[in-house]
Amino acid sequence: MDVFDVMSSCRAMRYLKPDPIEPNLIEEIVTAATWAPSPGNSQGRDFLIVTDEASRRKIGDAIEEAMASRVAEMERPDRTHRLMLDGTEHLVSTLKNCPVLIFICGKKIYPHQAPRESFIWSSIYPAAQNLILAARALGIGTVFTTFQGSAEPTIREILSIPDDVFIGCMIPMGWPARKFGPLKREPYSRVAHLNKWQGDLRTYPPSNT
Ligand SMILES: Cc1cc2nc3c(=O)[nH]c(=O)nc-3n(C[C@H](O)[C@H](O)[C@H](O)COP(=O)(O)O)c2cc1C
């Protein structure tokens, strides 16, 4: 697929089939994630790929227990929020069946003389986006999540993650049960400023939701 087609149709996929993903595809996708930039090429990130059924089930159960009622109670003031939170509710209740969970983790290693926590996230997020786009290019669905934080102590124990390793995000990955499609994003004309700042164009929620 053309990279622009990949990016412009790469929706957060919260409806995932339980069918396994072939190991060679997982390797191809994570390899693409390793190509992402990082400060000083420090590459302070690691990819913890969880395919083991018992671990996935335990992690899925722990996140469901922590998140299900929280998400159910979140307000859905418009269609965008309703679709997103219905999707999140579905993802939380089916996470245990998701065939692959990828945790992108990082350590405080950069810069060498005075490591800063912010550089951990600078290393993890571009890698996460590479991973998400590579999966999309292969027709595989993913969603960037941070709700692993709700069950972090349990997840650390299940996966033997040391205390000095930060968990940046968890990316559930599977064959999509819904269609990829066009994205709702602010247009160029609302977000781009040519040569000088042109007034305060931004609103929240975005104008097109
Ligand atoms: C930093 C970050 C954290 C996110 N955390 C979550 C999350 O915990 N759960 C979830 O369902 N989606 C999460 N998302 C996904 C966003 O909700 C999604 O990318 C956004 O709504 C756009 O969705 P779309 O690409 O389908 O239009 C997160 C995205 C980012 C970039």
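## Details of helix α3 (residues 53-73)
At step 1: The first and last C-alpha atoms of α3 sit 29 Å apart over 21 residues, in line with the 30 Å expected at 1.5 Å per residue.
At step 2: Considering bend angle alone, the principal kink of α3 is centred on Met-67 and spans about 45 degrees.
At step 3: Buried within α3 are the following residues: Ser-55, Arg-56, Ile-59, Gly-60, Ala-62, Ile-63, Met-67 and Val-71.
At step 4: Residues of α3 that are buried sit in contact with β1 (46-50), α4 (79-94), β2 (100-107), α6 (152-159) and β4 (165-174).

## Here's the deal with the pattern of salt bridges
At step 1: Considering all chains together, one arrives at six salt bridges under this definition.
At step 2: Of the charged contacts, one joins Arg-76 and Glu-89 as a salt bridge, the two residues approaching to 2.6 Å between their closest N and O atoms. Taken together, the residues span a long stretch of sequence, with Arg-76 in the loop between α3 and α4 and Glu-89 in helix α4 at a distance of 13 residues.
At step 3: For Arg-76, a relative accessible area of 25% gives the class partly exposed.
At step 4: Put simply, Asp-164 and Lys-107 hold a salt bridge, and the shortest N to O gap is 3.4 Å. Residue Asp-164 is located in the loop between α6 and β4, and its partner Lys-107 is located in strand β2; the two are separated by 57 residues in the primary sequence.
At step 5: By relative accessible area, Asp-164 is classed as partly exposed at 43%.

## So, the packing of aromatic side chains
At step 1: Enumeration over the complete set of coordinates arrives at three aromatic pairs.
At step 2: Between Trp-121 and Phe-166, the aromatic rings sit 5.9 Å apart at their centres with planes inclined by 85 degrees, giving edge-to-face as the arrangement. Residue Trp-121 is found in helix α5 (residues 118-137), and its partner Phe-166 is found in strand β4; the two are separated by 45 residues along the sequence.
At step 3: By relative accessible area, Phe-166 is classed as partly exposed at 25%.
At step 4: Between the aromatic rings of Tyr-125 and Phe-144, the centroid separation amounts to 5.1 Å while the plane-to-plane angle is 75 degrees, which identifies the pairing as edge-to-face. A residue pair is termed long-range when its members are at least 10 positions apart, and Tyr-125 in helix α5 and Phe-144 in the loop between β3 (141-142) and α6 qualify at 19 residues.
At step 5: Classification of Tyr-125 by relative accessible area gives partly exposed; the value is 40%.
At step 6: Across from the ring centre of Tyr-15, 3.7 Å away, lies the NZ or CZ of Arg-178, which sits over that ring.

Thresholds, definitions, all that
- In this numbering scheme, every chain counts its residues from 1 along its sequence in written order.
- For this predicted model, a pLDDT threshold of at least 70 governs which residues receive local features, and a threshold of 80 or more governs which side-chain atom pairs are given and counted, while totals over whole chains, interfaces and linings are taken from all residues.
- Values shown for side chains rest on all heavy atoms present in the structure; no hydrogens or waters enter the calculation.
- Secondary structure elements follow DSSP: runs of H or I of four or more residues count as helices, runs of E of two or more count as strands, with numbering from the N terminus.
- To estimate the expected span of a helix, subtract one from its residue number and multiply by 1.5 Å.
- Note that bend, as reported per residue, equals the angle between axes fitted to the 7 residues terminating at that residue and the 7 residues originating from it.
- Using a 1.4 Å probe on the protein chains alone, a residue whose accessible area is under 20% of its type maximum counts as buried, one over 50% counts as exposed, and one in between counts as partly exposed.
- Throughout, a residue-residue contact means that at least one pair of heavy atoms, one from each residue, lies within 4.5 Å.
- Each reported salt bridge corresponds to a side-chain nitrogen of Lys or Arg within 4 Å of a carboxyl oxygen of Asp or Glu.
- Note on aromatic contacts: the rings of Phe and Tyr and the six-membered ring of Trp form a pair at centre separations within 6.5 Å, being stacked when their planes are under 30 degrees apart, edge-to-face when over 60 apart, and tilted otherwise.
- Ring-over charges, as used throughout, are those where CZ of Arg or NZ of Lys falls within 6 Å of the ring centre and within 35 degrees of the ring normal.

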